[in-house]
Number of protein chains: 2
Amino acid sequence: MIRVMIADDHQLFAEGLSQALNSLPDARVVGVINSGPALEDALRTQPAEVSIVDIEMPGGDGIAAIGSIGNRTRAIVVSMHASDDQKERAAGAGAKGFFSKAVPLATLAAAVRAVADGKNLIQLSEEERDQVLDTYREAQLDPGAASLTAREREILQLLAIGVSATDELADRLYISQKTVKNHLASIFQKLAVSDRTQAAIEAIRLGIAKPS
Amino acid sequence: MIRVMIADDHQLFAEGLSQALNSLPDARVVGVINSGPALEDALRTQPAEVSIVDIEMPGGDGIAAIGSIGNRTRAIVVSMHASDDQKERAAGAGAKGFFSKAVPLATLAAAVRAVADGKNLIQLSEEERDQVLDTYREAQLDPGAASLTAREREILQLLAIGVSATDELADRLYISQKTVKNHLASIFQKLAVSDRTQAAIEAIRLGIAKPS
DNA sequence: CCGGTCATGGGTCGGCAGACTCATCGGATC
DNA sequence: GATCCGATGAGTCTGCCGACCCATGACCGG
């Protein structure tokens, strides 16, 4: 689980991003703050592997904040109006990544994983960076969840949207009820749960079910 | 259920906000687009009661987009650098609300509910506006969920964190298994579900369970 | 070709889940 | 004070759920 701190004076952006990252199965936002100086304080009481910092903040901007937190966290800088100049300054302060706020959420999520894994993205060319990010696009699931088969995942998806009865699951998948129960039994083992209610909750938490 | 469309060229912001609004029990984001002109197209195929539009977008800015969508949707304008000038222009184009991106998410959520309910917030003074918003801070739950009793809500919270067995629920609440089953029966009726798995999913969707 | 894994399916069995009806008691409401 | 509702609890019964064991055919990697 990657602990993430967000620093941005635009609350709407910060809270939205927080919700979005929290919905990833392998990340957890542990703090949302609205100014640069507060970042250092927050990190003292609440450690985080990765911090996402807006470069444009009032009261001592993001760059200064990054410089002061040093090695307590790895910083990813985001900017509204991304420029090469800003990128240079971010790199100089020790940031490990630099992104425009115009990039898709999936890209930032991949960057968070890459940076948490020790990668430094900021000195790479765009092609190199995208290549690295591609290897981090998928969430690192729990060991149990990672070993789920395709069919088991299918059943979990149905479970998570409320298809809970064995006969309904069997109907939807065109298999017998016996097979459904067999699959469920392996799911219970792999997820370390004891019934389909807990399995459904786990499926939602792990992001196996698509809410949209 | 309030259908919401989001138009913002900063994908990170748009997707983050989308996730955040989707996590509300009474709103659903039906589209996220990244330019002004695309808003009109999107609304033609996918109706939405409320649209959240960034005033600063390349390729014909948000103001023009709002003017062209007229009465198909009610627009709330958000801006990075909120100014009175921008607010005037938004009001002139027919927007029903105007907010800085620095406001908390809860405020925007309340605004979405207010605007969906027919309120026009843009001509109000700050005090008047906050007064109106205060009446919309709470999500309008489904009729069924709204009538849940305190005890029923307690059971749902436990269910949603994986306490699924009757005897465990009884232990945690210091009541008999019989009573647990009686409460569950009323919950099933009120939420229109048929077993505790579906109830747990509904509880999560309705925000009855606290994830953090 | 052989071993492993996956999807499919069968059988059995104990036990819990859900549906239905009812009772008591306290607090609120009128 | 009569009434309603919420919380507590009980009894009964059908049937599904979960646990355990096993079999077969397909596929894949060595």
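### Focus: the protein's contact with DNA strand D
So, step 1. Taken together, 16 residues lie near DNA strand D, and A:T166, A:R196, B:T149, B:S176 and B:N182 sit nearest.
So, step 2. Protein-proximal atoms of DNA strand D, defined as those within 4 Å of the protein, fall in sugar or phosphate at a share of 63%.
So, step 3. Interatomic distance of 2.5 Å between a side-chain N/O atom of A:T166 and a phosphate oxygen of DNA strand D.
So, step 4. Within the contact set of DNA strand D, a base nitrogen lies 3.1 Å away from a side-chain nitrogen or oxygen of A:K181.
So, step 5. Where the surface near DNA strand D is concerned, the elements lending two or more residues are α10 (177–191) of chain A together with α8 (150–160) and α10 (177–191) of chain B.
So, step 6. For the surface near DNA strand D, the element with the most residues is α10(B), which contributes four residues.
So, step 7. Looking at the surface near DNA strand D residue by residue, the class counts come to four nonpolar, seven polar and five charged.

### Description of the domain arrangement of chain A
So, step 1. As assigned here, chain A comprises domain 1 (2–134) and domain 2 (143–206).
So, step 2. Domain 1 of chain A and domain 2 of chain A are separated by 36 Å when their C-alpha centres are compared.

### Digging into the relation of the copies chain B and chain A
So, step 1. With an RMSD of 0.8 Å, the operation that places chain B on chain A is a rotation of 180° combined with a shift of 0.4 Å along the axis. A rotation of that kind, with that shift, is consistent with a two-fold axis.
So, step 2. Interface overlap between copies: 97% of the residues of chain B at the interface are likewise at the interface in chain A, consistent with a symmetric, same-surface contact.

### Digging into the interface of chain B and chain A
Reports often express the size of an interface as the amount of accessible area lost when the parts come together.
So, step 1. On the chain A side, the residues contacting the 35 residues of chain B number 35 residues.
So, step 2. Carbon and sulfur atoms make up 65% of the surface buried where chain B meets chain A, a total of about 2,800 Å² over both sides.
So, step 3. When the buried area of chain B at its contact with chain A is split by residue, B:L12, B:T197 and B:I201 rank highest and sum to 23% of it.
So, step 4. Scanning the region where chain B abuts chain A turns up zero salt bridges.
So, step 5. Taken together, the links from chain B to chain A amount to 18 residue pairs in polar contact (both at pLDDT 80 or more).
So, step 6. Element by element, the count of residues in the side of chain B that touches chain A is highest for helix α1 (residues 11–22) of chain B, at eight residues.

The rules behind the values
Residues numbered from 1 in each chain as written. Chains lettered and ligands numbered in written order. Predicted model: local features only at pLDDT ≥ 70, side-chain atom pairs only at ≥ 80, totals over all residues. Heavy atoms only, no water. Near = heavy atom within 4 Å. Polar contact = N/O pair within 3.5 Å; in protein donor to acceptor, adjacent residues only side chain to side chain. Helix = DSSP H or I, 4+ residues; strand = E, 2+ residues; numbered from the N terminus. Nonpolar A, V, L, I, M, F, W, Y, C, P; charged D, E, K, R; others polar. Domains from an automatic or database assignment. Least-squares fit on C-alpha atoms with pLDDT ≥ 70 in both. Contact = heavy atoms within 4.5 Å. Buried area = accessible area lost by both parts, 1.4 Å probe. Salt bridge = Lys/Arg side-chain N within 4 Å of Asp/Glu carboxyl O.

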